[in-house]
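Residue-level structure breakdown
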Amino acid sequence: AQKVTQTQTSISVMEKTTVTMDCVYETQDSSYFLFWYKQTASGEIVFLIRQDSYKKENATVGHYSLNFQKPKSSIGLIITATQIEDSAVYFCAMREGHASSGSWQLIFGSGTQLTVMP
Amino acid sequence: DAGVTQTPRHEVAEKGQTIILKCEPVSGHNDLFWYRQTKIQGLELLSYFRSKSLMEDGGAFKDRFKAEMLNSSFSTLKIQPTEPKDSAVYLCASSPGQGNSDYTFGSGTRLLVI
C-alpha cells in the first residue's frame, strides 16, 4: 500500500534563510511521481513542483528545489531565500506510475506548517 | 484560464439536513476528485471520477456521502443526513488524467453542521 509521511508538523525560520521539509514515502511500484503542494492561510492549495521517479536530476522551479533520495524513499522540499509569503502548510504527495484499478489518485502526507519570521 | 470553481464557499446546516456542494472542474480535465480536509485526519479522498465514471467512492464515506458527475463540467457532493462530525472543508480538484499530472484545487466549501 502507498503511504506518505511528513514527520515535521511545524518549522519556523528567519526570512531569507533556506529551509528543508522532509517527506518519506512507501510504494511497491518502480515508477511513481512525487509532488509538493502549498496551502496558504486562505485555504488555497497550489501545485509547486514534481519529481518523476525515473529522473535522477533533482527538480527545480524558482526558489523551490527537491532533494530526491530514491534509495531512502525520500523527497525533501528545499526553499531558498525564504520570504514571509512562503508561510503556509506544505503537503507532499505521491502517485504510482501504473493505473491499478484505474486509480490515479494522489496520496497526501499530513503536511508541515512553515512560518517565516521577519 | 478558469480554475476549479466550488460553490458555496461557506455552508451552515442543522444536524439531519441534506446539503449539496457543487464543483466545476477545469475545462478538458478528465479526472475529478472530492476530498474532505480536517485538522485531525488531513486530506481524505471521498470520490474519484474519470471521464464521468466513478472510480473510487472512499469506502468509509459510502453511507451518507454521494458524489455524482452529471456531465464533464459539473459535479455534486450530497451529504444526507448531515452530522456535526461532517464539519470540515470539502475540496474539489481536477486533473488532465495522466500519471504525471498535478491537481488543480478549488477554493473549497467550509461546512459547519450544528
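Scroll up to find the structure.
These remarks concern the structure in this document.

Definitions and cut-offs
- Numbering of residues starts from 1 in each chain and follows the order in which that chain's sequence is written.
- As they are written, the chains are lettered A onward and the ligands numbered 1 onward, keeping that order.
- Residue-level local features of this predicted model are given only where pLDDT is at least 70; pairs of side-chain atoms are given and counted only at 80 or more, and the full residue set underlies all totals for whole chains, interfaces and linings.
- Side-chain numbers come from the whole structure's heavy atoms, not from hydrogens or water.
- Each helix is a run of DSSP H or I of at least 4 residues and each strand a run of E of at least 2, with the numbering of both proceeding from the N terminus.
- Here the globule rule is a power law, 2.2 Å times the number of residues to the power 0.38, and the radius of gyration is based on C-alpha atoms.
- The buried label goes to any residue with under 20% of its type's maximum accessible area, the exposed label to any with over 50%, and the partly exposed label to all in between, with areas taken from a 1.4 Å probe on protein chains only.
- We call two residues in contact when some of their heavy atoms are within 4.5 Å.
- Residue-level accessible areas treat just the shown protein chains as cover; the underlying method is Shrake-Rupley with a 1.4 Å probe.
- Under the counting rule used here, the positive set is Lys and Arg, the negative set is Asp and Glu, and His together with the chain ends is not counted.
- Charge positions come from single atoms, namely NZ of Lys, CZ of Arg, CG of Asp or CD of Glu.
- Any Lys or Arg side-chain nitrogen found within 4 Å of a carboxyl oxygen on Asp or Glu counts as a salt bridge.
- Here a polar contact is taken to be a pair of N or O atoms separated by no more than 3.5 Å, where protein atoms must pair a possible hydrogen donor with a possible acceptor and residues adjacent in sequence count only if both atoms sit in side chains.
- Between any two strands, pairing holds if DSSP finds at least two bridges.
- For helices, the axis comes from a line fit to the C-alpha atoms of the stretch in contact; other axes are also lines fit to C-alpha atoms, and the angle between any two N-to-C directions lies between 0 and 180 degrees.
- Residues belong to a common nonpolar core when they are buried Ala, Val, Leu, Ile, Met, Phe, Trp, Tyr or Cys residues joined through side-chain atoms within 4.5 Å.
- The patches described consist of residues with a relative accessible area above 30% and no salt bridge, like charges being joined within 9 Å and nonpolar side chains (Val, Leu, Ile, Met, Phe, Trp, Tyr) within 5 Å.

The next thing to look at is the overall build of chain B. A tally of regular secondary structure across chain B gives 0 helices and 11 strands. Overall, chain B shows an N-to-C arrangement of helices and strands of β-β-β-β-β-β-β-β-β-β-β. Expected size for 114 residues packed as a compact globule is a radius of gyration near 13 Å; at 13 Å, chain B falls within 12% of this value. The dimensions of chain B, computed from C-alpha atoms along their principal axes, are 40 × 30 × 30 Å. Across the 114 residues in chain B, those meeting the buried criterion constitute 47%. Of all intrachain contacts in chain B linking residues separated by at least 6 positions in sequence, the fraction that spans at least 24 positions is 53%. For chain B, the accessible area works out to roughly 5600 Å², and carbon and sulfur atoms hold 46% of it.

Attention now goes to the overall build of chain A. When its secondary structure is counted, chain A shows 0 helices and 12 strands. Taken from the N to the C terminus, the helices and strands of chain A come in the order β-β-β-β-β-β-β-β-β-β-β-β. Here the C-alpha radius of gyration of chain A, 14 Å, is about what a compact globule of 118 residues would show, namely 13 Å. Looking at chain A as a whole, 50% of its 118 residues qualify as buried. Restricting to contacts in chain A with at least 6 residues of sequence separation, those with at least 24 account for 56%. Element-wise, carbon and sulfur atoms account for 52% of the exposed surface of chain A, whose accessible area totals about 5600 Å². Separation between the mean location of the 9 positive side-chain charges and that of the 10 negative ones in chain A comes to 5 Å.

Another point: the interface of chain B and chain A. Chain B puts 21 residues into the contact, and the matching count from chain A is 18 residues. Between the two partners, chain B and chain A, sit 0 salt bridges. Applying the counting criterion to the chain B and chain A interface returns 6 residue pairs in polar contact (both at pLDDT 80 or more). Broken down by secondary-structure element, the contributors of at least two residues to the side of chain B that touches chain A are strand 4 (31-38), strand 5 (42-50), strand 6 (53-56) and strand 9 (88-95) of chain B.

Let us now look at the sheet that holds strand 7 (residues 65-71) of chain B. Residues and elements named next belong to chain B. Strand order in the open sheet made by the 4 strands is 1-3-8-7, with antiparallel pairing throughout. Where the open sheet ends on each side, the last strands, each with one partner, are strand 1 (5-7) and strand 7. Across the sheet, the axes of successive neighbouring strands diverge by a mean angle of 20°, strand direction being ignored. Relative to strand 8 (residues 74-79), strand 7 runs antiparallel, the two sharing 6 bridges. Of the residues in strand 8, the one forming a bridge with Lys66 is Lys78.

This part is about the nonpolar core. Residues and elements named next belong to chain A. The biggest cluster of nonpolar side chains holds 25 residues, and the ones touching the most others in it are Trp36, Ile75, Leu77, Tyr90 and Leu114. Of all the elements in the fold, those that place two or more residues in this core are strand 2 (10-14), strand 3 (19-21), strand 5 (32-39), strand 6 (45-52), strand 8 (64-69), strand 9 (74-79), strand 10 (88-96) and strand 12 (112-117). Here this core gets 4 residues from one element, more than from any other, and that element is strand 10. For Leu114, the contacting residues outside a window of four places in its chain are Ile11, Val13, Val19, Met21, Ile79, Asp86, Ser87, Ala88 and Tyr90.

Okay, the side chain of B:Ser47 next. Residues and elements named next belong to chain B. Turning to its location among the elements, Ser47 is positioned in strand 5. Residue classification places Ser47 among the buried positions, given a relative accessible area of 6%. In this view, Ser47 contacts Leu32, Phe33, Trp34, Leu54, Glu56, Asp57 and Ala67; residues no more than four positions away in its chain are not counted.

The next thing to look at is a nonpolar patch on the surface. All names here are of chain B. Among the surface-exposed residues, Val12, Leu112 and Ile114 lie close enough to one another that they form a single nonpolar patch of about 290 Å² accessible area. Secondary-structure assignment places Ile114 in the segment after strand 11 (109-113). By relative accessible area, Ile114 is classed as exposed at 55%.

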